[in-house]
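Each chain, letter by letter, is given below.
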Amino acid sequence: MIRTLRSEFIKFRTITMNWVLGIVAMAFPLAITLLTAWFQGDNADFTGRNLVEVLSGTSYVTVLLVMVLSATHITNEYGFGTIRPTFAATPHRRRVIAAKGIMLVAFSVAMQAVVLGVGLGLGKVLAQQRGATISFSSQLYGGDNLMVPLVGTLILTACAAVLGLGVGMLMRSTPLSITTLVLWPLLIEGLLSGLIVLITHKVRAAFWLPFRAGLRLAMVGGGLDFDGAGPSRTAAGVYFALFSLAVALLGTWSVSRRDA
């Protein structure tokens with residue numbers, strides 16, 4: 001397994017697109033968070049809660065790009081035919097998929113952790129230089145623990161990596177995988193949500209769409225809860241994790257049964 005992991009890491013780090021996506025995934029939320037901290041730091045109402053809200057909110061871009069990166073990691077192998085020598089060298093295909101998953105999750109979570117750490121630390125410094133009082137103590141915000149959505153963002157990122165890999169294994173097409181992973185959370189779920197509410201007249205049902213549930217992990221405070229209409233953070237997180245795992249397992253089964 002160690003050799004398979006090493007092989008996957010070598011393949012991953014030698015692809016330029018992976019580094020480009022990784023840099024963009026880190027730079028966007030950091031740029032928005034640090035600029036917000038600097039320009040809003042002189043606002044007396046700007047607090048640690050606002051800083052966390054901006055950081056966790058913009059980290060959705062990182063999550064989206066993580067899914068794209070994970071999907072293209074497997075679809076490019078099918079597209080260029082390198083998956084055949086990979087499976088020839090390691091006939092146990094599930095071991096290869098497991099190695100890809102471990103490597104992608106580790107890289108994605110580490111990348112997100114850097115974004116959160118730098119965003120919080122440097123954002124706090126910039127805001128305080130502008131006169132803001134930044135504290136992450138839960139006692140200041142009605143008992144809300146601001147570390148919870150940050151941990152939730154890391155969990156969301158890990159699930160996104162697994163989901164992206166699963167979609168890539170199922171579709172095997174880079175354009176189709178990217179289109180699905182981008183349009184589904186940004187457009188399709190919004191349309192489905194409105195349709196579900198229109199038909200059922202129940203707002204709660206719409207919050208069980210996969211990505212809407214997953215985003216609940218990273219929301220600060222009530223977030224998407226709307227006075228109890230949506231699922232709890234824990235329930236939404238477990239649901240999205242199981243959904244991501246199910247897609248990945250289905251993709252693994254597909255890889256094991258279909259020709260390379």
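Residues numbered from 1 in each chain as written. Predicted model: local features only at pLDDT ≥ 70, side-chain atom pairs only at ≥ 80, totals over all residues. Heavy atoms only, no water.

**Student:** I'd like a description of the nonpolar core, backed by residues and values.
**Tutor:** Core analysis: the biggest nonpolar cluster contains 35 residues, and Met67, Ile74 and Leu163 have the highest contact counts within it. For this core, the secondary-structure elements that each account for two or more residues are helix 2 (16–40), helix 3 (48–80), helix 4 (83–89), helix 5 (93–129), helix 6 (147–171) and helix 10 (233–257). The dominant element in this core, judged by the number of residues it contributes, is helix 3, at ten residues. Leu30, Val52, Leu146 and Leu150 belong to the second-largest nonpolar core, a separate cluster that totals nine residues. (Core = buried A, V, L, I, M, F, W, Y, C linked by side-chain atoms within 4.5 Å. Buried < 20%, exposed > 50% of the residue type's maximum accessible area, 1.4 Å probe, protein only. Helix = DSSP H or I, 4+ residues; strand = E, 2+ residues; numbered from the N terminus.)

**Student:** Any chance you could break down the confidence of the model for the chain for me, citing the residues and the numbers?
**Tutor:** Confidence in the prediction for the chain averages 86 pLDDT; 92% of positions are at 70 or higher. Looking over the chain, one finds the lowest element-wise mean pLDDT in helix 8 (residues 203–206), namely 70, and the highest in helix 6, namely 94. (pLDDT = per-residue confidence, 0-100.)

**Student:** Now, about the environment of Val52: what can you tell me, with residues and values included?
**Tutor:** Locating Val52 in the fold gives a position in helix 3. Separated by 27 residues in sequence, Val52 and Ala25 place their C-alpha atoms 17 Å apart. Each residue touching Val52, except ones within four places of it in the same chain, is listed here: Gly57, Leu120, Phe136, Leu146, Pro149, Leu150 and Val220. (Contact = heavy atoms within 4.5 Å.)

**Student:** An account of the environment of Ser59 is requested, with residue identities and associated values reported.
**Tutor:** Examined against the element boundaries, Ser59 turns out to sit in helix 3. The buried category is assigned to Ser59, whose relative accessible area is 0%. Taking C-alpha positions, Ser59 is 12 Å from Ala160, a pair spaced 101 residues apart along the chain. Ignoring sequence-local partners within four residues, the contact set of Ser59 consists of Pro29, Gln112, Val115, Leu116 and Thr153. Within polar-contact distance, the side chain of Ser59 engages the side chain of Gln112 at 3.5 Å. (Polar contact = N/O pair within 3.5 Å; in protein donor to acceptor, adjacent residues only side chain to side chain.)

**Student:** Residues and numbers for the pattern of salt bridges, please.
**Tutor:** One pass over the structure, following the stated rule, counts five salt bridges. Between Glu8 and Lys11 there is a salt bridge; the shortest N-O distance is 3.0 Å. Separated by three residues within a single helix, Glu8 and Lys11 lie in helix 1 (residues 2–13), roughly one turn from each other. Residue classification places Glu8 among the buried positions, given a relative accessible area of 1%. (Salt bridge = Lys/Arg side-chain N within 4 Å of Asp/Glu carboxyl O.)

**Student:** Hey, could you go over helix 1 for me, with residue numbers and the actual values?
**Tutor:** The first and last C-alpha atoms of helix 1 sit 17 Å apart over twelve residues, in line with the 16 Å expected at 1.5 Å per residue. Within helix 1, the full set of buried residues consists of Thr4, Glu8 and Phe12. The arc enclosing the buried residues of helix 1, seen along the axis, measures out at 70°, which places them on a common side. Exposed residues pointing more than 90 degrees away from the buried face of helix 1 are listed as Ile2 and Arg3. Against helix 2, helix 3, helix 4 and helix 5 lie the buried residues of helix 1. (Expected span 1.5 Å × (residues − 1). Arc of directions from axis to C-beta.)

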